[in-house]
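Residue strings, one per chain:
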Amino acid sequence: GESVGLHLPTLSVQEGDNSIINCAYSNSASDYFIWYKQESGKGPQFIIDIRSNMDKRQGQRVTVLLNKTVKHLSLQIAATQPGDSAVYFCAEETTSGTYKYIFGTGTRLKVLA
Amino acid sequence: DVKVTQSSRYLVKRTGEKVFLECVQDMDHENMFWYRQDPGLGLRLIYFSYDVKMKEKGDIPEGYSVSREKKERFSLILESASTNQTSMYLCASSSVGTATGELFFGEGSRLTVL
């Protein structure tokens, strides 16, 4: 939505550089996490997920890293493109198998030409 | 192409009015959800449903009710709209037993209550 992001931290990167977006989660027992991308005026879209039995998972140009010790999640985007400009937020499943999530407030990624 | 459709993208209502937000999914998903999205607060779960005629309260159900009479349709009802319900409302669905717990979202309904 248009008002999402008024109070969001912003990450500005040059086109072609790599982006790293961070997220702290709350529950050490959470075992499933998702990263979403939300473009202006659209609903969130799934990017990549990871389960707690993994430290790293790679997709196409994206990598998610999970550090359970400090309850930290990061999304790395390689060779950032203008189409990557959006709000990114993480989600942790509150109880395994319930499909109920706690969502982070998000980070706005701006790609500079 | 799979789709979650929210019937109204923008609504303006007056305080005290009854508001219906409709959501339809064409993926035969069992689970459906209503969230509201506010700046600085992220997405917060209002209600969800795991099956037809079934509903459960989320984290902020006060002032809202829901209806799921058919598997593909999940409606959010504001019985008496108030200004603090001005927000972006997002509907989502998901399937049981898939490899991911991905939620498929609609494009959102922006509600302004005057």
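Rules and cut-offs
Residues numbered from 1 in each chain as written. Chains lettered and ligands numbered in written order. Predicted model: local features only at pLDDT ≥ 70, side-chain atom pairs only at ≥ 80, totals over all residues. Heavy atoms only, no water. Pairing = 2+ DSSP bridges. Helix = DSSP H or I, 4+ residues; strand = E, 2+ residues; numbered from the N terminus. Axes fitted to C-alpha atoms, helices over the stretch in contact; angles between N-to-C directions. Buried < 20%, exposed > 50% of the residue type's maximum accessible area, 1.4 Å probe, protein only. Lys, Arg positive; Asp, Glu negative; His and termini not counted. Salt bridge = Lys/Arg side-chain N within 4 Å of Asp/Glu carboxyl O. Polar contact = N/O pair within 3.5 Å; in protein donor to acceptor, adjacent residues only side chain to side chain. Contact = heavy atoms within 4.5 Å. Buried area = accessible area lost by both parts, 1.4 Å probe. Nonpolar A, V, L, I, M, F, W, Y, C, P; charged D, E, K, R; others polar.

Draft legend 1. How the structure looks around the sheet that holds strand 1 (residues 4-6) of chain B. All names here are of chain B. Strand order in the open sheet formed by four strands is 1-3-8-7, and the pairing between neighbours is antiparallel. Whereas interior strands pair on both sides, the edge strands pair on one side only; in this sheet they are strand 1 and strand 7 (65-70). Going from strand to strand, the sheet's axes swing by 20° on average, the running direction of each strand aside. In this sheet, strand 8 (residues 73-78) lies alongside strand 7 in antiparallel orientation, the contact comprising four bridges. If you follow S67 over to strand 8, its bridge partner there is S75.

Draft legend 2. Highlighting the side chain of A:K37. All names here are of chain A. By the secondary structure assignment, K37 is in strand 3 (residues 32-38). No salt bridge is formed by the buried K37. Its closest oppositely charged neighbour is E39, at 4.4 Å. Engagement of the side chain of K37 in a polar contact is seen with the backbone oxygen of G83, the distance being 2.8 Å.

Draft legend 3. Here's a closer look at the interface of chain A and chain B. With 25 residues of chain A at the interface, the matching set in chain B holds 29 residues. In total, about 2100 Å² of surface goes out of reach between chain A and chain B, with carbon and sulfur atoms giving 55% of it. Looking only at chain A, the three residues that lose the most surface to chain B are A:Y99, A:K100 and A:F103, adding up to 29% of its buried area. Inspection of the chain A/chain B interface yields zero salt bridges. If you list the elements that add at least two residues to the side of chain A that touches chain B, you get strand 3, strand 4 (45-51) and strand 9 (101-103) of chain A. Top element by residues in the side of chain A that touches chain B is strand 3 of chain A. It accounts for four residues. Here the side of chain A that touches chain B is built from residues that sort into eleven nonpolar, nine polar and five charged.

Draft legend 4. Structural context of the sheet that holds strand 6 (residues 62-67) of chain A. All names here are of chain A. A sheet is described by the order of its strands in space; here four strands give the open sequence 2-7-6-5, paired in antiparallel fashion. Two strands bound the open sheet, and with one partner strand each, they are strand 2 (19-24) and strand 5 (56-58). This sheet shows a mean twist of 15° between the axes of neighbouring strands, independent of strand direction. Summarising the sheet, strand 5 and strand 6 pair through three bridges and their orientation is antiparallel.

Draft legend 5. A look at the side chain of B:S109. Residue and element names in this part refer to chain B. Looking at the element boundaries, S109 is found in strand 11 (residues 109-113). The class of S109 is buried, set by a relative accessible area of 1%. A polar contact of 3.0 Å, which involves the side chain of S109, links it to the side chain of Q6. For S109, the contacting residues outside a window of four places in its chain are Q6, S8, R9, L11, L21, S87, M88 and Y89.

Draft legend 6. Structural view of unusual backbone geometry. At A:R61, a residue that is not glycine, the phi angle is positive and equals roughly 65°. As for its position among the elements, A:R61 is in the loop between strand 5 and strand 6. Phi is positive for B:K53, which is not a glycine, with a value near 65°. Structurally, the position occupied by B:K53 is in the loop between strand 5 (42-49) and strand 6 (56-57). For B:K53, a relative accessible area of 61% translates into the label exposed.

Draft legend 7. A look at the pairing of strand 4 (residues 31-38) of chain B. Residue and element names in this part refer to chain B. With eight of its eight residues buried, strand 4 lies for the most part within the structure. Side chains N31, F33, Y35 and Q37 project from strand 4 onto one buried face, and the interleaved M32, W34, R36 and D38 project onto a second face that is buried too. Pairing geometry for strand 4 and strand 9 (residues 87-94), over seven bridges, is antiparallel. Bridged to N31 within strand 9 is S94. Summarising the sheet, strand 4 and strand 5 pair through seven bridges and their orientation is antiparallel. Within strand 5, the position partnered with W34 by the bridge is Y47. The turn joining strand 4 and strand 5, which pair antiparallel and follow one another in sequence, is formed by three residues; a positive phi near 80° is taken by G40.

By themselves, these observations are geometric and do not establish any function.
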